[in-house]
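Chains, contacts and geometry: an overview
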Amino acid sequence: MAENSAPEATPAKKGKLKLIILITVAVILAIALSVAGTLWLLGGGLPGMGDDTQAEDDVVVETFVPTAYLNIEKALVTTVQGEGPQRYAQAYVAFSATDPQALAAAKLHMPLIRSQLVMVLGSSSFAELQTPEGRQGLAENMLVTINQVLEQEGEPSVNQVLFRNFVVQ
């Protein structure tokens, strides 16, 4: 009788294949558990589990609020400080605000605001008004003055002062 050695080689290959599959599954399971544990320890929780109402409360809904403008029709004209001959400044000004009530209040108190703005413009120096930085500083000073007047009257504030036309001579 002849001996058959072929069946002994086949079971050895099946054993190695099962071992490789078992090690691969164990590695994948270990990676998945480490990722889940990291998420849980960092406080993020696991996706799809936990209380999602807190995440809904944290969402802030931003709405678009258009800017409105108020033009001062008459120019602000005054003398400015300078050496040599007398110098003049003329400024056409507009206000911008996101609250229409602020512009309505500015229109209501326009005589007081115009008076204060002429004082601010007149206290500026000629050399300062010739530079872009000086005009920007003047716009900021005018904004502070306008908002002080509106605050005294209990009204909302204006966001920005814009020069529509600006001349110094």
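Before any of the text, the structure's been laid out above.
Below or above, wherever it landed, is the structure these notes cover. (Residues numbered from 1 in each chain as written. Predicted model: local features only at pLDDT ≥ 70, side-chain atom pairs only at ≥ 80, totals over all residues. Heavy atoms only, no water.)

Quick notes on the nonpolar core
Judged by nonpolar contacts, the single largest core of 28 residues is most densely connected at Phe95, Ile113, Leu117, Leu121, Met142 and Ile146. For this core, the secondary structure elements donating two or more residues are strand S2 (76–80), strand S3 (87–97), helix H3 (100–108), helix H4 (110–122), helix H5 (126–129), helix H6 (132–152) and strand S4 (160–168). Here Ile146 is in contact with Phe95, Ile113, Leu117, Val158 and Val161, once residues within four sequence places are set aside. (Core = buried A, V, L, I, M, F, W, Y, C linked by side-chain atoms within 4.5 Å. Buried < 20%, exposed > 50% of the residue type's maximum accessible area, 1.4 Å probe, protein only. Helix = DSSP H or I, 4+ residues; strand = E, 2+ residues; numbered from the N terminus. Contact = heavy atoms within 4.5 Å.)

Considering the packing of H4 against H6
Axis separation between H4 and H6 bottoms out at 10 Å; the angle between their running directions is 150 degrees. Here H6 runs roughly antiparallel to H4, going by the angle between their axes. In this structure, H4 meets H6 at a crossing whose hand is right-handed. Contacts between H4 and H6 involve Leu112, Ile113, Gln116, Leu117, Val120 and Leu121 from the former and Leu138, Asn141, Met142, Thr145, Ile146, Val149 and Leu150 from the latter. Of the residues belonging to the contact of H4 with H6, the class tally is ten nonpolar, three polar and no charged. (Axes fitted to C-alpha atoms, helices over the stretch in contact; angles between N-to-C directions. Parallel < 35°, antiparallel > 145°, perpendicular 65-115°, else oblique. Left-handed = near helix turned anticlockwise from the far one by under 90°. Nonpolar A, V, L, I, M, F, W, Y, C, P; charged D, E, K, R; others polar.)

Digging into the environment of Ala102
Among the secondary structure elements, Ala102 is positioned in helix H3. What makes Ala102 buried here is its relative accessible area of 0%. Look past the residues within four positions of Ala102 in its chain and what remains in contact with it is Ala97, Leu150, Pro156 and Ser157.

Remarks on the environment of Asn141
By the element assignment, Asn141 lies in helix H6. Overall, the relative accessible area of 45% leaves Asn141 in the partly exposed class. Spatially, the C-alpha atom of Asn141 lies 9.4 Å from that of Val161, the residues being 20 residues apart in sequence.

Observations regarding the packing of aromatic side chains
Across all of its chains, the model carries one aromatic pair by this definition. Ring geometry for Phe163 and Phe166: centres 5.0 Å apart, planes at 55 degrees, overall tilted. Looking at Arg87, its charged tip hangs above the ring of Phe126, at a distance of 4.2 Å from the centre. (Phe/Tyr/Trp six-rings, centres within 6.5 Å; stacked < 30°, edge-to-face > 60°. Lys NZ or Arg CZ within 6 Å of the ring centre and 35° of its normal.)

Regarding the pairing of S3
Successive side chains on a regular strand alternate, one facing one side of the sheet and the next facing the other. Both strand S1 (residues 68–71) and S3 contribute to a ladder of four bridges, which runs antiparallel. By the bridge assignment, Tyr69 is partnered in S3 with Ser96. Once S2 ends, the chain turns through six residues before running back antiparallel as S3, passing Gly84 with a positive phi of about 85 degrees. Bridge analysis of S3 against S4 gives eight bridges, and the strand direction is antiparallel. When the sheet's bridge partners are listed, Ala91 is paired in S4 with Phe166. (Pairing = 2+ DSSP bridges.)

Some remarks on H3
Along H3, the residues that are buried comprise Ala102, Leu103, Ala105 and Ala106. Projected onto a plane normal to the axis of H3, the buried residues spread over an arc of 160 degrees and lie on a single side. Turned more than 90 degrees off the buried face of H3, the exposed positions are Pro100, Lys107 and Leu108. (Arc of directions from axis to C-beta.)

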